[in-house]
Amino acid sequence: MEPARIQHAAINPGACFMLSGLVRHPDASGAPAPEQVHLQFGADASSQVTVSWAAPAAVARPRLLIGEPGALAGSRIEAQERVYADALTGETVFTYHAFAGPLEPGSRYAYEVVHDGSPPVSGTFRTAPRGRSGPVTFTSFGDQSVPEPVGAGTGPHSPNARYVVDAVERLDPLFHLLNGDLCYANASDAPVATWASYFGNITRSARYRPWMPAPGNHENEPGNGPRGYLSYQTRFGLPGNGTPAFRGQWYAFTAGPVRIVALHNDDVCLQDGGFSGLRRDGVPGYLARGVEPYIRGYSGGQQRRWLERELAAARRDEDIDWVVVFMHQPAMSSAHFNGADLGVRQNWLPLFDTYGVDLVLAGHEHHYERSHPVRGVVPGSALLTPAVAARPSFRHREPAEIDTRHGTVHLTIGGGGHPYTVPPRRVHGRREGIVIAGIEPGSPLVQRRSVVETEPAAWSAHRDAKAPFGFASFEVVPAEPGGTTSIAVTYWGAVAGSRDYRPRDRVVLRKPRVDPSRTGGELAGLRPARRA
Ligand SMILES: [Fe+2]
Ligand SMILES: [Fe+2]
């Protein structure tokens, strides 16, 4: 999409030139230009947007100009500066965040970000429709990495990490969900440059529509803050969760009739996913500073309590038909790659059942897999294997239709671009799942090894290891004739090195809209769960 042409008399863009990889403005101040510009929705996507950017040095009077296309002169919002120093390299990163709201629902806005002595960087975005007043399309993937080698090339990179941005952009979604493992900065010897490469790659989409992240294990950069997530937390301006120390690690927002919940699974996962030998050996004072990559349980149950309140509130809200959760580590996997994590099953799935979460999106496994709707667990299963709902789908239709009142559909969409995909030979028998059921002893110096078990995987409905690179799109129709609402789900897959993303799986989620007159709202229509 071409950016809107914006006329602004007060700012002279002037000429730019490249210097040491950074765009600098050759005026007296020498201020660097805004870079890595990206958007996020606030808790209400119909009225709140945060515009974020970075600079390689502190800047003066960072600000956002926003308004209708062609009419920006009257608005000016000061940006908040957030700074962190990377523990591995000592580099200081300067980020800026400008919160805009209240805005008009279902409207297009133009904006510029600028600071003293710099040329502006412009973009546009749309706010979400309010309630059921219009359709909503969004997209999702996890595990992207960056398109080119960064530093010594210790982190992952692939051409598909670039191509998938163009593929998403072609669908013109309202927003995009990132299911963790964004750029693998904790695996890079040049983490700050890796983040810059990441945002430099996605900004051609993220400047025009929010890219909303859930943190993955590779956003854990040991030494950066008490849990390793200081870089992630500093770089994004996300809806609050009531605890400033946990800013951005979990949150929720509403877009049309959909409540979308981002979770941080490293709080509950058994797997030791944050360990990085590069940072163990390279962060000055690693042991003396008390760096601990294994952060399971860090919130002390706070995230779980927040999630329950959030899901209960969503189900009391007569304007919410759909609850979508996105997170990193999956609850089910047949990939024999990392595996599903028992901690996710123990902590989240009972709440997903109780409150009838419709759809769960994950990554971590670098392929695509879709579950049947699940509710409760297989009787007697020590691994808490999810049970397939009694009526998984209406198979006489094409594409298959699923009524999510009967169970939650899980998608693993981990083919955003990491070059180490799940090869078909590593995908074991069609009906065998893999579960991380325990953890061996370890320390901040030695990664804890996972204890892995297998299970029957009757829950697995479809998986695609032949086109492991891909993303999914979700077309929400809020109000259909006959009182139903639907989400059409499409997986778009590509082979390695290909720009050609094609539909490879399609299913429609459909159910009655919430009836405000019905006592108990949506919960009254849910089918009960059986738990072991
Ligand atoms: Fe990953
Ligand atoms: Fe991961």
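For the structure, see preceding data.
On a predicted model such as this, the values are computed, not experimentally measured, just so you know.

Enquirer: I tried to follow the pairing of strand β5 (residues 63–67) on my own but got confused; where do I start?
Expert: Note on strand geometry: in a regular strand, side chains alternate between the two faces of the sheet. Summarising burial for β5: 5 of the 5 residues are buried, a large majority. Relative to strand β6 (residues 77–78), β5 is paired through 2 bridges, and the arrangement is antiparallel. Counterpart to Leu64 in the pairing with β6 is Ile77. Pairing of β5 with strand β9 (residues 108–114) involves 5 bridges; the strand directions are antiparallel. Across the sheet, residue Leu64 finds its bridge partner in β9, namely Val113.

Enquirer: Hey, could you run me through the side chain of Thr485 in this one?
Expert: Within the secondary structure, Thr485 is located in strand β28 (residues 484–494). Thr485 sits in the buried class, given a relative accessible area of 0%. Among the polar contacts listed, one links the side chain of Thr485 to the side chain of Trp322, at a separation of 3.0 Å. Residues contacting Thr485, with those up to four places away along its chain left out, are Asp321, Trp322, Val477, Pro478, Glu480, Leu509, Arg510, Lys511, Pro512 and Arg513.

Enquirer: How should the coordination of the iron ion (ligand 1) be read in this particular structure?
Expert: When a metal carries six donors in an octahedron, the ideal angles between them are 90 or 180 degrees, while four donors in a tetrahedron ideally lie at 109.5 degrees. Here the iron ion (ligand 1) is held by Asp143 (OD), Asp181 (OD), Tyr184 (OH) and His366 (NE2), and the distances to it run 2.1 to 2.3 Å. Taken together, the 4 donor atoms coordinating the iron ion (ligand 1) span angles of 87 to 170° at the metal, a pattern that classifies the geometry as irregular. Motif for the iron ion (ligand 1), donor spacing along one chain: D-x37-D-x2-Y-x181-H. Here the iron ion (ligand 1) and the iron ion (ligand 2) are spaced 3.4 Å apart, and both take Asp181 as a donor. Here Asp143 is found in the loop between β11 (136–141) and α1 (160–171), whereas its partner Tyr184 is found in the loop between β12 (175–178) and α2 (191–206), with 41 residues between them in sequence. The exposure class of Asp143 is buried, given its relative accessible area of 1%.

Enquirer: I would appreciate a short explanation of the coordination of the iron ion (ligand 2) in the present structure.
Expert: Binding of the iron ion (ligand 2) to the protein goes through Asp181 (OD), Asn217 (OD1), His328 (NE2) and His364 (ND1), at separations of 2.1 to 2.2 Å. One can describe the donor arrangement at the iron ion (ligand 2) as irregular, given that its 4 donor atoms subtend angles of 83 to 158° at the metal.

Enquirer: What's the story with the nonpolar core in this structure? I'm lost.
Expert: Here is a general trend for soluble globular proteins: nonpolar side chains tend to be buried in one another's company. Core analysis: the biggest nonpolar cluster contains 114 residues, and Phe175, Tyr198, Phe253, Phe352, Leu361 and Phe474 have the highest contact counts within it. With 6 residues, α2 is the largest single contributor of residues to this core. Look past the residues within four positions of Phe474 in its chain and what remains in contact with it is Val136, Thr137, Phe138, Thr139, Ser140, Leu359, Leu361, Leu411, Ile413, Ile487, Ala488 and Val489.

Enquirer: Help me out: how do you make sense of the packing of aromatic side chains in this one?
Expert: Tallied over the full model, the rule gives 23 aromatic pairs. Their ring planes at 20° and their centres at 5.6 Å tell us that Tyr109 and Phe125 sit as a pair that is stacked. Of this pair, Tyr109 sits in strand β9 while Phe125 sits in strand β10 (residues 121–126), and the two are 16 residues apart along the sequence. Take Phe125: its relative accessible area is 0%, and that puts it in the buried class. Pairing Tyr229 with Tyr232 gives two aromatic rings, centres 6.4 Å apart and planes at 90°, and the pair type is edge-to-face. Three or more aromatic residues link up through ring pairs in this structure, and these residues are Trp195, Tyr198, Phe199, Tyr229, Tyr232 and Phe236. We note Lys511 situated over the ring of Trp322; from NZ or CZ to the ring centre the distance is 4.7 Å.

Enquirer: What should I look at first to understand a nonpolar patch on the surface in this one?
Expert: Judged by side-chain polarity, Leu287, Leu445 and Val446 come together as a nonpolar surface patch covering roughly 260 Å² of accessible area. Tracing the backbone shows Val446 in the loop between β24 (432–439) and β25 (450–456).

Enquirer: Mind showing me how you'd approach the sheet that holds strand β16 (residues 322–326) here?
Expert: Strand order in this open sheet of 7 strands is β14-β15-β16-β18-β23-β19-β26, and the pairing throughout is mixed. The open sheet has two edge strands with one neighbour each: β14 (251–255) and β26 (460–464). Direction aside, neighbouring strands of the sheet carry axes that sit 15° apart on average. Pairing analysis gives 4 bridges linking strand β19 (residues 368–371) to β26, with the strands arranged antiparallel. The partner of Ser371 across the bridge, within β26, is Ser460.

Calculation criteria
Residues numbered from 1 in each chain as written. Chains lettered and ligands numbered in written order. Predicted model: local features only at pLDDT ≥ 70, side-chain atom pairs only at ≥ 80, totals over all residues. Heavy atoms only, no water. Buried < 20%, exposed > 50% of the residue type's maximum accessible area, 1.4 Å probe, protein only. Helix = DSSP H or I, 4+ residues; strand = E, 2+ residues; numbered from the N terminus. Pairing = 2+ DSSP bridges. Polar contact = N/O pair within 3.5 Å; in protein donor to acceptor, adjacent residues only side chain to side chain. Contact = heavy atoms within 4.5 Å. Donors = N, O, S within 2.8 Å, 3.2 Å for Na, K, Ca; no water. Tetrahedral: all angles 85-135°; square planar, octahedral: opposite > 155°, others 65-115°. Core = buried A, V, L, I, M, F, W, Y, C linked by side-chain atoms within 4.5 Å. Phe/Tyr/Trp six-rings, centres within 6.5 Å; stacked < 30°, edge-to-face > 60°. Lys NZ or Arg CZ within 6 Å of the ring centre and 35° of its normal. Patch = residues over 30% accessible without salt bridge, like charges linked within 9 Å, V, L, I, M, F, W, Y side chains within 5 Å. Areas by Shrake-Rupley, 256 points an atom, 1.4 Å probe, with all protein chains shown as cover. Salt bridge = Lys/Arg side-chain N within 4 Å of Asp/Glu carboxyl O. Axes fitted to C-alpha atoms, helices over the stretch in contact; angles between N-to-C directions.

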